[in-house]
Structure formats: C-alpha cells, structure tokens
Amino acid sequence: MFTDRYDLAAEWIKGSDFTLAFTGAGISVESGIPPFRGADGLWAKVDPTVLELSYFYSHPLESWRVIKQLFYEFMGKAKPNDAHYRLADMENKQWLHAIVTQNIDNLHQMAGNTRVYEFHGHTRDLRCVDCGRIVSTGEFEFDPMPPTCEFCTGLLKPDFIFFGEQIPPKAYESSFDSANRAQAVLVIGTTGEVMPASMVPANAKENGAKIIEINPEPSLFTDRITDLFLQGPATTVMNRLYAELTESNK
Ligand code: APR
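Every chain is numbered independently, its residues counted from 1 as its sequence is written. For this predicted model, a pLDDT threshold of at least 70 governs which residues receive local features, and a threshold of 80 or more governs which side-chain atom pairs are given and counted, while totals over whole chains, interfaces and linings are taken from all residues. Heavy atoms throughout the structure, all of them, feed into the side-chain values; hydrogens and water do not.

Chemist: Sorry if this is basic, but what is going on with the site of the ligand here?
Modeler: A molecule or strand has a residue near it when one of that residue's heavy atoms lies within 4 Å. Neighbouring the ligand are 21 residues, the closest being Ala 25, Phe 36, Arg 37, Thr 190 and Asn 215. Between the ligand and Gly 26, the relevant distance is 3.4 Å, taken from a nitrogen atom to a main-chain nitrogen or oxygen of the residue. Here a polar contact is taken to be a pair of N or O atoms separated by no more than 3.5 Å, where protein atoms must pair a possible hydrogen donor with a possible acceptor and residues adjacent in sequence count only if both atoms sit in side chains. Taking Asn 215, its side chain carries an N or O atom lying 2.7 Å from an oxygen atom of the ligand. Throughout, the Shrake-Rupley method with a 1.4 Å probe supplies accessible areas, and for residues the shown protein chains are the sole cover considered. Here the ligand, which alone exposes 740 Å², has 90% of that area covered by the protein. Polar here means any residue outside two lists: the nonpolar Ala, Val, Leu, Ile, Met, Phe, Trp, Tyr, Cys and Pro, and the charged Asp, Glu, Lys and Arg; Gly therefore counts as polar. Here the shell around the ligand is built from residues that sort into ten nonpolar, eight polar and three charged.

Structure follows, in structure tokens:
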C-alpha cells in the first residue's frame, strides 16, 4: 500500500525506537551530482567497465582519467542540499539514528550527520595497491596520472569499491546491524538495483520495519517492500516531512 500520507510517515518515525535512512545517488542529484542510472545517468555516458578492477589494473591511466573526471572533479564543489540537511536535523532531534549510504560524496557528513555507514566506501582517501599506505585526497595533486605512491611507487586506488569488490567489512556489519534494529526506514533516491546494498532495507522489512520511500519515480523497492511512497524530489519531500515532524511535535 502506498499513499503520500506525510502525517502517517511522521507518526511511524515518532513511534520508532531506531530509525534508519538508506540513501542512493538520487539524494545528491539536487546537489549537482548526476545519478548513475536513468536518462541523464552516468552509465548512459560512460562505460561502467572503468569501475571494474581488472580494467583498472590493466589500463590504470585510461581508468583513472575517467574516475577523476566522474568522482573527483565535483569534490569541494558539490554541497549538501536540503534533503541532507533535514536528515542532520532529524538526527539532532533523535528522530534518526543512522544512515547507510551507497554514495561516496561525503555530503551526509558535510551536512552534519555523525553516524553514516558508507556501504561503497568514500572519496576522502586513496590507497596504495602495493604497500597499502593511505593518502588523503584532500591535498593530493592528480598530476602526473595515474597517481602513484610516493613511498613505493605502487598504483594508488580510490578508497571506494569497484564492481565485484568486497564491501568494506565494518560498513557491511554496521549497516546490517542497523537494518536489524530499525523499526522505520527512509529509503531515499535509489533504484534498488545494486546488491548487496539493496538487501539493507529488505532485511529491515523482514524484521518488521516500516518502509517509507522517497523518489520522484517508483524503484525496485516500491512494489516489493515500500509501505508508504512519498513521491517527489528528495529536497521537497524531506522539507515537507520535517515540517510534519516538527508540526506534530507541538
Ligand atoms: N530526489 C530523489 N531521488 C531521485 C532524484 C531526486 N531529485 N533524482 C533521481 N532520483 C532517483 C531516481 O529515480 C533513481 O531511483 O535516484 C535514483 C538513482 O538511481 P541510481 O543512479 O541507480 O543510484 P543508486 O540506486 O544509488 O545506485 C546504486 O550503483 O553504480 C552503482 O555504486 C553505484 O552506489 C551506486 C549504486
């Protein structure tokens, strides 16, 4: 059953001892970061092969050229939008207890959320594939390309996961722990196409959580696990939901 009943969503969130947000690329679209899928998605313009480990190791320069343009050029430019900020406000009011994000853009932390599990890693660091040393992306000069380790000259790899790569163990464990505790889940801006990430809201549903989905269009979750579909862009819907939460708090 899904109707856009904001009062019901607010009631479920208020009645939940542990509320989780599960976010995807859609929440950052209004920050200027394109999604992966859909008409103007990245995969419609760029061959996803660049994010396969075998290609990265066999064509480091070609792969890094695309990766830099896709994921590092926007860094420092993209800012959190209202949807990110409303999730931070919800955490401050104890209406939100954790975020599991598929995004690597660091916008949830920039908005102020403190319990963020990055299921696909992040863009804050680079890691040497040979000696394992970590370099902060912040002060890194991407010249010459491909980036190499100053200590052992090994190839540096972004600290986010490539297709087929293992999910960071700590993020994996914390994400599914949160899913098992959740009594309400906000699923925001994701197609639900990627595994095992999409198992996080599915597990929460299995454990009896109420699923509130926010997306301008239906996803793979909508007919399968969504209890309440608040249709629309994340900023508009999150502003309205937060207003409902504060309204009903009076
Ligand atoms: N507000 C909310 N949702 C939006 C908005 C918006 N303004 N604009 C688009 N969306 C929705 C789309 O309808 C779609 O459901 O965001 C979703 C974007 O889908 P994807 O690009 O597939 O993003 P996501 O589901 O996060 O992809 C998962 O795939 O390529 C991998 O590792 C990558 O983490 C990524 C994973």
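Chemist: Just checking my understanding: could you explain the sheet that holds strand β5 (residues 134–136) for this structure?
Modeler: What holds strands together in a sheet is hydrogen bonding between their backbones, with the strands either parallel or antiparallel. Overall, antiparallel pairing links the three strands, which are arranged β5-β4-β6 in an open sheet. Single-partner strands in this sheet number two, and they are β5 and β6 (156–160). Geometrically, the sheet is characterised by an average inter-axis angle of 40° between neighbouring strands, direction not taken into account. Paired strands are those between which DSSP finds at least two bridges. By the criteria applied, helices consist of DSSP H or I runs no shorter than four residues and strands consist of E runs no shorter than two, each listed in order from the N terminus. Pairing analysis gives three bridges linking strand β4 (residues 121–128) to β5, with the strands arranged antiparallel. Each bridged residue has a counterpart across the sheet, and for Arg 127 the counterpart in β5 is Ile 134. The contact criterion used throughout is that any non-hydrogen atoms of two residues lie within 4.5 Å. Every axis corresponds to a line fitted to the C-alpha atoms, with the helix fit spanning only the stretch in contact, and the corresponding angles, defined between N-to-C directions, vary from 0 to 180 degrees. Strand contacts of helix α3 (residues 60–72): β4 and β6, with the helix running at about 35° to β6, the strand carrying the most contacts.

Chemist: What am I meant to see in the environment of Asp 227 here?
Modeler: Mapped onto the elements of the fold, Asp 227 is located in the loop between β8 (210–215) and β9 (228–231). Measuring from C-alpha to C-alpha, the distance between Asp 227 and Lys 210 comes to 6.3 Å, with 17 residues separating the pair along the chain. Among the polar contacts made by the side chain of Asp 227, one reaches the main-chain amide nitrogen of Ile 211 at a distance of 2.8 Å.

Chemist: What am I meant to see in the packing of helix α1 (residues 6–14) against helix α8 (residues 234–247) here?
Modeler: A packed helix pair is summarised by two numbers, namely the angle formed by the two axes and the spacing between the axes. One can describe the packing of α1 onto α8 by two numbers: an axis separation of 9 Å at closest approach and a directional angle of 65°. Relative to α8, α1 is oriented so that their crossing is right-handed. Listed contacts from α8 to Tyr 6, Asp 7, Ala 9, Ala 10, Ile 13 and Lys 14 of α1 are Val 237, Arg 240, Leu 241, Glu 244 and Leu 245. A class-by-class count of the residues in the contact of α1 with α8 yields seven nonpolar, no polar and four charged. Here a crossing is taken to be left-handed if its near helix is turned anticlockwise relative to the far helix by less than a right angle, and right-handed if that turn runs clockwise.

Chemist: Got a minute to help me understand the pattern of salt bridges in this structure?
Modeler: Two side chains carrying opposite charge are able to pair once their charged atoms lie near each other. A side-chain nitrogen of Lys or Arg and a carboxyl oxygen of Asp or Glu constitute a salt bridge if their distance falls within 4 Å. Summed over the entire model, instances satisfying the criterion amount to nine salt bridges. Glu 73 is the partner of Lys 68 in a salt bridge, and the nearest nitrogen-oxygen pair spans 3.1 Å. Two residues, Asp 82 and Arg 86, come together in a salt bridge whose shortest N-O distance is 3.9 Å. With Asp 82 and Arg 86 both in helix α4 (residues 82–92) and four residues apart, this pair spans about one turn of that helix. The partly exposed category is assigned to Asp 82, whose relative accessible area is 35%. Remark: exposure states derive from per-residue accessible area (1.4 Å probe, protein chains only) relative to the maximum for the residue type, with buried under 20%, exposed over 50%, and partly exposed in between. A relative accessible area of 16% means that Arg 86 is categorised as buried.

Chemist: Quick question: what am I supposed to make of the domain arrangement of the protein here?
Modeler: Put simply, an interface is often sized by how much accessible area is lost when its parts join up. Domain parsing of the protein yields domain 1 (1–33 + 80–120 + 166–250) and domain 2 (36–77 + 121–160). Delimitation of the domains relies on an automatic or database domain assignment. Taking only C-alpha atoms into account, the centre of domain 1 sits 27 Å from that of domain 2. Taken together, the contacts link 14 residues of domain 1 with nine residues of domain 2. The buried area of a pairing is the accessible area, by a 1.4 Å probe, that goes missing from both parts when the two are put together, added over both. Of the roughly 890 Å² buried at the junction of domain 1 and domain 2 (both faces included), carbon and sulfur atoms supply 58%. At the surface where domain 1 touches domain 2, the tally comes to two salt bridges. With a closest N to O distance of 2.7 Å, Arg 124 and Glu 118 form a salt bridge. Taken together, domain 1 and domain 2 are joined by five residue pairs in polar contact (both at pLDDT 80 or more).

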